[in-house]
Amino acid sequence: MGLDIYAGTLTRYYSHNWKTVVQQWAEENGYTFHKITPDGEQVSDEEEMTPEEIQADIESWRDQLLAAISQQEHPWPENNEKPYYTDKPDWDAFGAMLLVAACNTYGELVPPSVEKDWDFMEHPAILRLVEDQEQVWSLFYGATWWLPLADSFMFQGPLPNGSQAIIGTVGALRKELEKLNQLAWQADEETILRWDKTEGYPVDGTVGPGGQYSPEAISEHTQYSTESLAKFAFSILWQAMKFAEEQQVPVLLDY
């Protein structure tokens with residue numbers, strides 16, 4: 001089960017009117033792509049609801065939620081046409097980013113590498129920050145959505161499909177990413193924006209048309225550089241956060 005980051009309208013997300021970077025690469029290079037759920041079922045492209053019906057339901061959910069949690073008078077716009085941002089850090093890199101944040105919070109050395117498919121939520125440094133009542137990070141409290149609100153807070157609430165989730169705000173995500181950058185790297189934005197291309201997973205394979213590796217060309221390495229993965233995931237989340245601020249759309253973890 002991989003991890004993608006999506007920043008865009010919820011109407012577009014639930015209408016499946018967006019493509020992950022792997023889907024985009026597959027289509028550009030003539031491959032067939034099928035998205036598989038965690039239980040092994042193939043995701044169907046058929047929708048029972050029209051985009052218009054989905055938008056109406058999303059707007060109703062949004063308005064009720066904002067009435068309960070925020071004084072914001074102008075809700076974010078919902079439609080099926082606004083642009084979106086997406087990229088794929090996967091869980092190993094996302095966990096490496098949390099590990100760098102936790103180690104730097106407590107003045108501990110960052111482990112030089114992490115294992116492929118490691119269970120980052122069992123790492124002592126990450127568990128310490130999760131349980132620290134004086135530290136409040138939506139990234140460590142299990143938030144999977146960040147709504148386009150400037151105020152910094154998080155809460156547990158219902159998603160449009162009825163399930164419960166920890167929901168943060170884009171304002172909170174910005175503060176947490178700025179804090180992590182200050183703790184670990186003190187990098188300027190130009191540098192941060194390069195990390196999704198200069199850092200990340202080691203890759204093997206032939207460079208294809210356009211000078212890009214296949215997303216499936218990640219090598220069979222069993223260990224990765226912690227710092228490199230962390231910077232890679234950080235860059236993706238930073239770009240999603242910036243896009244969400246500019247477009248006034250939510251940020252989601254898609255898995």
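Definitions and cut-offs
- Residues numbered from 1 in each chain as written.
- Predicted model: local features only at pLDDT ≥ 70, side-chain atom pairs only at ≥ 80, totals over all residues.
- Heavy atoms only, no water.
- Helix = DSSP H or I, 4+ residues; strand = E, 2+ residues; numbered from the N terminus.
- Buried < 20%, exposed > 50% of the residue type's maximum accessible area, 1.4 Å probe, protein only.
- Contact = heavy atoms within 4.5 Å.
- Areas by Shrake-Rupley, 256 points an atom, 1.4 Å probe, with all protein chains shown as cover.
- Core = buried A, V, L, I, M, F, W, Y, C linked by side-chain atoms within 4.5 Å.
- Pairing = 2+ DSSP bridges.
- Phe/Tyr/Trp six-rings, centres within 6.5 Å; stacked < 30°, edge-to-face > 60°.
- Salt bridge = Lys/Arg side-chain N within 4 Å of Asp/Glu carboxyl O.

Helix and strand counts for the protein chain come out as eight helices and eight strands. Taken across its 255 residues, the protein chain has 45% of its residues classed as buried. A fraction of 69% describes how many contacts in the protein chain between residues 6 or more apart in sequence connect residues 24 or more apart. Surface accessibility of the protein chain: about 13,200 Å² in total, with carbon and sulfur atoms responsible for 47%.

For the rest of this paragraph, the subject is the nonpolar core. Membership of the largest hydrophobic core comes to 51 residues, with the highest contact counts inside it found for Phe94, Met97, Leu139, Phe140, Phe234 and Val251. Take this core: its biggest share by element is twelve residues, from helix α8 (residues 226–247). Once residues within four sequence positions are removed from consideration, Phe140 is found in contact with Leu98, Ala101, Ala102, Ile126, Leu129 and Val130.

Another aspect to go through is the pairing of strand β8 (residues 251–254). Residues Val251 and Leu253 point to one face of β8 and Leu252 and Asp254 to the other, with burial holding for every one of them. Pairing geometry for strand β1 (residues 4–7) and β8, over four bridges, is antiparallel. Along β8, the bridge assignment pairs Ile5 with Leu253. One ladder, built from two bridges, connects strand β4 (residues 143–147) with β8; its direction is antiparallel.

Scanning the model with the defined rule gives 23 aromatic pairs in all. With 5.4 Å between their ring centres and 85° between their planes, Tyr13 and Tyr14 make a pair best called edge-to-face. What makes Tyr14 partly exposed here is its relative accessible area of 21%. Cluster of aromatic residues (ring-pair linked, three or more members): Tyr6, Tyr13, Tyr14, Trp18, Trp61, Trp76, Tyr84 and Trp145.

This next bit is on the pattern of salt bridges. Across all of its chains, the model carries nine salt bridges by this definition. A salt bridge links Glu108 to Arg128, with the nearest nitrogen and oxygen atoms 3.3 Å apart. Within this pair, whereas Glu108 is found in the loop between α4 (90–105) and β3 (113–115), its partner Arg128 is found in helix α5 (residues 124–131), the two being separated by 20 residues in sequence. Arg174 is paired through a salt bridge with Glu178; the nearest N and O atoms lie 2.7 Å apart. Taken as a pair, Arg174 and Glu178 lie in helix α6 (residues 170–184) at a separation of four residues, close to a single helical turn. Members of the salt-bridge network, linked through shared partners, are Asp4, Lys88 and Asp90.

The next subject is the side chain of Thr144. Looking at the element boundaries, Thr144 is found in strand β4. For Thr144, a relative accessible area of 14% puts it in the buried group. Not counting the four nearest positions on each side in its chain, Thr144 is found in contact with Ala165, Ile166, Val251, Leu252, Leu253 and Tyr255.

Now for the environment of Arg194. As for its placement among the helices and strands, Arg194 is situated in helix α7 (residues 189–198). The spacing of Arg194 and Ser235 is 41 residues in sequence and 7.5 Å in space, taken between C-alpha atoms.

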